[in-house]
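Each chain is listed here by its residues.
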Amino acid sequence: MNNVVVANFTDTDLVTPASDLVASINWGDGTTTTGTVTGANGSFAVSGSHSYALPGTDTITTTLSDRSPGTAAATATGSATVGILLGDGNGDGVQDNGETTLSVPWAAAQQLLNASDANPDVRISMMKQALKAQLNIDAGKADPGLFPGQPAGHDLITKAVDWLRGLAPFTYSPTSANVDINHDGILETGATSLGNDYNTATQAFTTPPQKATMNAWLQYVDTIHSPPQSGDLLINGQDLRNALAAFNANQLVTLMAGTQVGWNNGAVTTDIQSNTANTFWNVLADNHVIAAPHV
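Everything quoted here is computed from the prediction, not taken from an experiment.

Caption draft 1: Highlighting the pattern of salt bridges. The full count for this structure, using the stated rule, is 4 salt bridges. Measuring nitrogen to oxygen at the nearest pair gives 2.8 Å for the salt bridge that ties Asp 117 to Lys 128. Of this pair, Asp 117 sits in the loop between α1 (106–113) and α2 (122–138) while Lys 128 sits in helix α2; the two residues are 11 residues apart in sequence, bridging distant segments of the chain. A salt bridge links Arg 241 to Asp 117; the nearest nitrogen and oxygen atoms lie 3.9 Å apart. Taken together, the residues Arg 241 in helix α5 (residues 237–248) and Asp 117 in the loop between α1 and α2 connect sequence positions 124 residues apart. Of the residues examined, Asp 117 reaches a relative accessible area of 53% and is grouped as exposed. The structure contains a network of salt bridges with shared partners spanning Asp 117, Lys 128 and Arg 241.

Listed below in structure tokens is the structure:
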């Protein structure tokens, strides 16, 4: 939330300027900041900026008072519904340089997280696993493929967002498979003229289901190099979804502050390798999670 109005106040005193007033904003997540007061003639607005670390609904409490000690104060309450920022590799809740993101409103995110694994629309299947992965990252679980010093764009969660939005290298037809045709980085919810929205009433995208037999799901691409280089693994949508599921199940794991990646079978971690742009795909292939061909 950047410079948004969180409360409006009226005062019978029509001569008090905004500069005489001070505002405090309690964002409902344990953070309190000073608000900016604007307005005149007894009508004032309080605005502020804040980044929430976790999704959900938080109660915002705004207090406005005169700068003079001991004067009366007014309080207003409201709420902020925070969605999930898919593609946020470091889990800081903002789109940093190099991150490809998709903002998912909380109402849609809740439905997608609870979607059936047997849903025929593979966009929903991918969204479910990607949202679970993002929540794991937000909670401090390292994202395979992303560690200090690594160039942006190689991490698993970014690849999922690229696929969902139909961005390179996952360019495919028909474009109705994309969840963000207008490329504004927001998953719109509700049936609108865009035709690619997630409808929270029907719990489905407004375009026809993207099935596992369609090109966007089965097309193999090189996620590491363009043009492909010898030895690279080629990945499709099913592989991405399976990789996310393995990460969410704590099977594909990172070690040593994210500099290594390995496979956890529940008792021991094996196949430990340096975590580079492509080694976590090799770990998945070694453990038969993906059937990706080599160039």
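Caption draft 2: Molecular detail of unusual backbone geometry. In this chain, Ala 168 is followed by Pro 169 through a cis amide linkage whose omega measures 0 degrees. Geometrically, the link from Ser 226 to Pro 227 is a cis peptide bond, its omega value of 0 degrees lying close to zero. In this structure, Pro 227 sits in the loop between β11 (221–222) and β12 (234–235). Phi is positive for Asn 250, which is not a glycine, with a value near 60 degrees. Examined against the element boundaries, Asn 250 turns out to sit in the loop between α5 and β13 (252–255). Looking at Asn 250, the relative accessible area reads 38%, which means it is partly exposed.

Definitions and limits used
Residues numbered from 1 in each chain as written. Predicted model: local features only at pLDDT ≥ 70, side-chain atom pairs only at ≥ 80, totals over all residues. Heavy atoms only, no water. Salt bridge = Lys/Arg side-chain N within 4 Å of Asp/Glu carboxyl O. Helix = DSSP H or I, 4+ residues; strand = E, 2+ residues; numbered from the N terminus. Buried < 20%, exposed > 50% of the residue type's maximum accessible area, 1.4 Å probe, protein only.

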